[in-house]
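# Reading the structure
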Amino acid sequence: MSDAGSPVTGEDGLARCPWGLSTPDYVAYHDNEWGRPVHGDDALFERVCLEAFQSGLSWLTILRRREGFRAAFAGFRAAEVAAFTDADRARLLADAGIIRNRAKIDAAITNARATVDLAGSHDGGLDALVWSHAPDPAGRPAPRGTADVPAVTPQSTALAKDLKKHGFRFVGPTTAYALMQACGLVNDHLAGCHAR
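Residues numbered from 1 in each chain as written. Predicted model: local features only at pLDDT ≥ 70, side-chain atom pairs only at ≥ 80, totals over all residues. Heavy atoms only, no water.

Before going further, it helps to spend a moment on the side chain of T23. Positionally, T23 belongs in the loop between β2 (15-16) and α1 (24-32). Taking the relative accessible area as the measure of exposure, T23 reaches 15% and is therefore buried. Setting aside anything within four residues of it in sequence, one finds T23 in contact with L60 and R64. (Helix = DSSP H or I, 4+ residues; strand = E, 2+ residues; numbered from the N terminus. Buried < 20%, exposed > 50% of the residue type's maximum accessible area, 1.4 Å probe, protein only. Contact = heavy atoms within 4.5 Å.)

Next comes the structure, spelled out in structure tokens:
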């Protein structure tokens, strides 16, 4: 028996963060993707968009619609999404394969344009901007339980502020921290988790 919020051992004998065992989708995401370093403007643009679409919803909802999002948003190639028109917006609002929320769709298109603008004005583009907010890993002890994992940090607050300064939307400090976790800027796999 484990303490609440501690790593849990699955049927395969591997210890995981508790959330990583709830569904097969989460097992695959936890083991192969979450917390792994993500680089590249388009890859980070995708993650910014998915984190924004997740706001107020279950991450599982986003994972299960991820391929629909990729199809709808041109594989999250920021330059292509930045060129979306009102007709594209109408198409997205009618697409049952994604979350049909007008504000989030508009934010994705706005964020694509901000990503393209950033690539032309900031050395290293979105990748450099996001990774400039990664905390020193030596100063972060491994969380022992879920209660040790914050929802917001000074770095995520600074990242959100920096993204907003460059025209991004739906990127508050909590969403920015989720982005940092998902993209490997921080390692919030619990101590004892095999993915750590």
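The subject of this paragraph is the pattern of salt bridges. In the structure shown here, the tally under the stated rule is 14 salt bridges. Between R70 and E46 there is a salt bridge, and its shortest N-O distance comes to 2.9 Å. Of this pair, R70 sits in helix α3 (residues 59-72) while E46 sits in helix α2 (residues 41-54), placing them 24 residues apart in sequence. Across the pair R89 and D86 runs a salt bridge whose closest N-O atoms are separated by 2.7 Å. Taken together, the positions of R89 and D86, both in helix α5 (residues 86-93) and 3 residues apart, correspond to about one turn of that helix. Given a relative accessible area of 19%, R89 falls into the buried group. According to the relative accessible area criterion, D86 is exposed, its value standing at 62%. One salt-bridge network, held together by shared partners, links E33, E46, R47, R66, E67 and R70. (Salt bridge = Lys/Arg side-chain N within 4 Å of Asp/Glu carboxyl O.)

The subject of this paragraph is the layout of surface pockets. In this structure, the largest pocket occupies an estimated 320 Å³ of space. Of all the elements in the fold, those that place two or more residues in the lining of the largest pocket are α1, α2 and α9 (173-182). Here the element with the most residues in the lining of the largest pocket is α9; it accounts for 3 residues. Its residues assigned to classes, the lining of the largest pocket comprises 11 nonpolar, 3 polar and 2 charged. Of the pockets and cavities examined, the second largest pocket occupies roughly 180 Å³. Together, E51, Q54, S55, V149, P150, A151, T174, T175, Y177, A178 and Q181 line the second largest pocket. (1 Å grid on protein atoms, 1.4 Å probe; cavity = no way out; pocket = protein on both sides within 12 Å on 5 of 7 lines; lining within 4 Å. Points joined across faces, edges and corners; volume = space filled by probe spheres on them. Nonpolar A, V, L, I, M, F, W, Y, C, P; charged D, E, K, R; others polar.)

Here we take up the UniProt feature "binding site: Zn(2+)" (unreviewed entry) in the protein chain. Under the UniProt annotation, "binding site: Zn(2+)" (unreviewed entry) lies at C17, H30, H189 and C193. Of the residues just listed, which span 177 residues, no C-alpha pair is farther apart than 10.2 Å, and they cluster in one region. Put simply, the named residues that line the largest pocket are C17. Position of H30 among the secondary structure elements: in helix α1. By relative accessible area, which is 0% here, H30 ends up buried. (UniProt positions renumbered as here; feature names shortened; annotations may be inferred.)

In this section: the packing of α2 against α3. It is at 10 Å that the axes of α2 and α3 come closest, and there the two elements cross at 130°. Compared by their axis directions, α2 and α3 come out oblique. The crossing of α2 and α3 is right-handed. The residues of α3 that touch α2, namely those facing E46, R47, L50, E51, F53 and Q54, are W59, I62, R66, F69 and R70. The residue inventory of the contact of α2 with α3, partitioned by class, reads 5 nonpolar, 1 polar and 5 charged. (Axes fitted to C-alpha atoms, helices over the stretch in contact; angles between N-to-C directions. Parallel < 35°, antiparallel > 145°, perpendicular 65-115°, else oblique. Left-handed = near helix turned anticlockwise from the far one by under 90°.)

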